[in-house]
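Structural overview
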Amino acid sequence: MSVVRTRFAPSPTGFLHIGGARTALFSWLHARKHGGPFVLRIEDTDRERSTQASVNAILEGMTWLGLDYDEGPFYQTERFDRYREVIQSLLEQGKAYRCYCTREELEALREEQMRLGIKPRYDGRYRDHDGPPREGVEPVIRFRNPLDGNVVFDDQIRGRIAISNTELDDLIIARSDGTPTYNFTVVVDDIDMNISHVIRGDDHINNTPRQINIFRALGHEPPVFGHVPMILGDDGKRLSKRHGAMSVMDYHDLGFLPEAVLNYLVRLGWSYGDQEVFSVDEMIEKFDISDVNKAASTFNTEKLLWLNHQYIMTGDPQHVARYLSPHMGRAGIDPSDGPTLTDLVVGLRERARTLVEMAEKSRCFYQEFDQYDEKAASKNFKPEAKPVLESLHTALSAVSPWSGETLHQAVQDTAEALDLKLGKVAQPLRVAAVGGPISPSIDVTLELLGRERTLARIQRAIHWIEQRQASASDS
RNA sequence: GCUCCCUUCGUCUAGCGGUCAGGACGCGGCCCUCUCAAGGCUGAAACACGGGUUCAAUUCCCGUAGGGAGCGCCA
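What you see is a predicted model, and the numbers here were worked out from it, not measured in a lab.

Given a rise of 1.5 Å per residue, 14 residues ought to cover 20 Å, and the 20 Å separating the end C-alpha atoms of helix α11 (residues 317-330) matches this to within 8%. At leucine 324, α11 shows its maximal kink, close to 35 degrees; a proline, proline 326, follows between one and four residues later. All of the buried residues along α11 are Pro317, His319, Val320, Ala321, Leu324, His327 and Met328. Contacts from the buried residues of α11 go to α7 (248-253), α8 (258-267), α10 (301-314), α12 (341-348) and α13 (355-362).

Set out below in structure tokens:
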């Protein structure tokens, strides 16, 4: 009856990128599925590179995605006393020792080993040192790794992984300034925070055996591990902060809905039969860490766009409208000067894959356009279009109420009265209404535009045709 | 160089010894149609290679090739 507790442990050295977000998602889903807590821990022991701004950026990204945590955030820099205490006890038990090698000596050793074609590692020269401290060298503390035997663990995603202790060297657990290092703090924290399942990127697979040895030295059985594959960029290289990875907040800026990003991310490496679309509740219900794929996958923006479009089309219009709102602002559009955002979403959702696209396509409903699309105007505003537009103006002036049905009827009646196909009437009307050849169906377009704007724009088109005729006869 | 990990359409994936190798994105065609979309139907498109094991391998084992990661007083 072991309780499931998972954690996400980013180091605050930049924004939350898409790969980290997926790791967090998998870890979060595993906790949520089993009803256990999800812990957030900030691994900031590298004081040089850690910043509060990064912490904020990570929190912001998680909040936007809806990945809420139950405990934390815990900061490793606030736990230094605890680490010191554990190191001291390891030292006393002989499970760790002081090493007086200088960086230069280590560097020389590494070079020599590389030259000989063997795996560079510490040779244990101070492992059994029992003489006096070496003068002038602040020692580091190394973990006394077992010399023989294998470390074996059953990864929830990879299956059984075994590595010989002869491959492992005595890693440094405390720097010469006394601060602890990553492989050590992780273990202490996972023990203290009672983590049952460590779900992290597979770039940590190689660290796992050494961490397992530390767990045992500390008298604890290690948690269950699950190493999720990484996400590759279009070039097949691993996505990282310094290599093509985008911040999750970039996707916000690009007009994606968080549920679409989450859905895309969960399907990258995980699947449930042929299902493509998952609500968060469905993910929690159906997700199983052992179903995660082993192979790395490539990020595909086209599919994300498709998913985003699905969510825009099928989501609650009010919900979509809320997320659309900031993008209207960015596009310099005042939403109070035209249709409601909810009506706009319903009208445009089939033809906008992102909220940015939607905002852009909505502009003509709120602002006047400068000029007509050239091709569309020359094709649809020929002299014979003038009487059509005039008839439309008359017919639409009488429409009441101004609704999709009545507008559709009016346009259709006009076409019949003029003995023209609907296209011959609707298309000039469309260009008059929005300035170009593309828009939602004509009734929806006019409804969004409103009576006043519609009639004014028909007049504007009629004038345009008259002027053009006039200048044609002048010359 | 050494160690570990990975390998099904272009991409994401289903498959868990016997399938016409399925779905999705994207791409092509057709239908619908007032434009553009959306939607429907449809087409092209994959088991990296070589050995085994087996009556039978995409599936199990071993190599090879390719890719990724690690080998820090970074995390």
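A word on the packing of aromatic side chains. For the structure on display, the rule yields 15 aromatic pairs. Where tyrosine 251 meets phenylalanine 256, the ring centres are 5.7 Å apart and the plane angle is 65 degrees; that geometry is what we call edge-to-face. A residue is classified by how much of its surface remains accessible, and phenylalanine 256, at 3% relative accessible area, is buried. Note that arginine 142 overlies the ring of tyrosine 122, its terminal NZ or CZ placed 3.5 Å from the centroid. Taking the ring centre of tyrosine 372 as reference, the NZ or CZ of arginine 460 above it sits at 5.4 Å.

Direction vectors running N to C along helix α5 (residues 182-192) and helix α6 (residues 208-217) enclose 50 degrees, while the axes themselves pass 9 Å from each other. As far as their axial angle goes, α6 and α5 are oblique. Between α5 and α6 lies a crossing of right-handed hand. In this structure, α5 contributes Tyr182, Asn183, Phe184, Val186, Val187, Asp190 and Ile191 to the contact, and α6 contributes Arg210, Gln211, Ile214 and Phe215. Per-class residue counts for the contact of α5 with α6 are seven nonpolar, two polar and two charged.

With that out of the way, let us pick up the domain arrangement of chain A. Segmenting chain A into domains produces domain 1 (80-228), domain 2 (241-315), domain 3 (316-367) and domain 4 (368-474). If you average the C-alpha positions of domain 2 and of domain 4, the two centres end up 42 Å apart.

Close to RNA strand B lie 63 residues, the nearest being Gly117, Arg158, Arg175, Glu350 and Arg351. Those atoms of RNA strand B that come within 4 Å of the protein belong to sugar or phosphate at a rate of 67%. Note that a sugar or linking oxygen of RNA strand B is positioned 3.2 Å from one of the side-chain N or O atoms of asparagine 206. Here a base nitrogen of RNA strand B sits 3.3 Å away from a polar atom, N or O, in the side chain of asparagine 207. At the level of secondary structure, the elements contributing two or more residues to the surface near RNA strand B comprise α4 (103-115), α5, β12 (297-298), α10, α17 (422-434) and α18 (442-449). Among the elements that make up the surface near RNA strand B, the one with the highest residue count is α10 (six residues). Here the residues of the surface near RNA strand B sort into 19 nonpolar, 22 polar and 22 charged.

Cut-offs applied
Residues numbered from 1 in each chain as written. Chains lettered and ligands numbered in written order. Predicted model: local features only at pLDDT ≥ 70, side-chain atom pairs only at ≥ 80, totals over all residues. Heavy atoms only, no water. Helix = DSSP H or I, 4+ residues; strand = E, 2+ residues; numbered from the N terminus. Expected span 1.5 Å × (residues − 1). Bend = angle between axes of the 7 residues up to and from the residue. Buried < 20%, exposed > 50% of the residue type's maximum accessible area, 1.4 Å probe, protein only. Contact = heavy atoms within 4.5 Å. Phe/Tyr/Trp six-rings, centres within 6.5 Å; stacked < 30°, edge-to-face > 60°. Lys NZ or Arg CZ within 6 Å of the ring centre and 35° of its normal. Axes fitted to C-alpha atoms, helices over the stretch in contact; angles between N-to-C directions. Parallel < 35°, antiparallel > 145°, perpendicular 65-115°, else oblique. Left-handed = near helix turned anticlockwise from the far one by under 90°. Nonpolar A, V, L, I, M, F, W, Y, C, P; charged D, E, K, R; others polar. Domains from an automatic or database assignment. Near = heavy atom within 4 Å. Polar contact = N/O pair within 3.5 Å; in protein donor to acceptor, adjacent residues only side chain to side chain.

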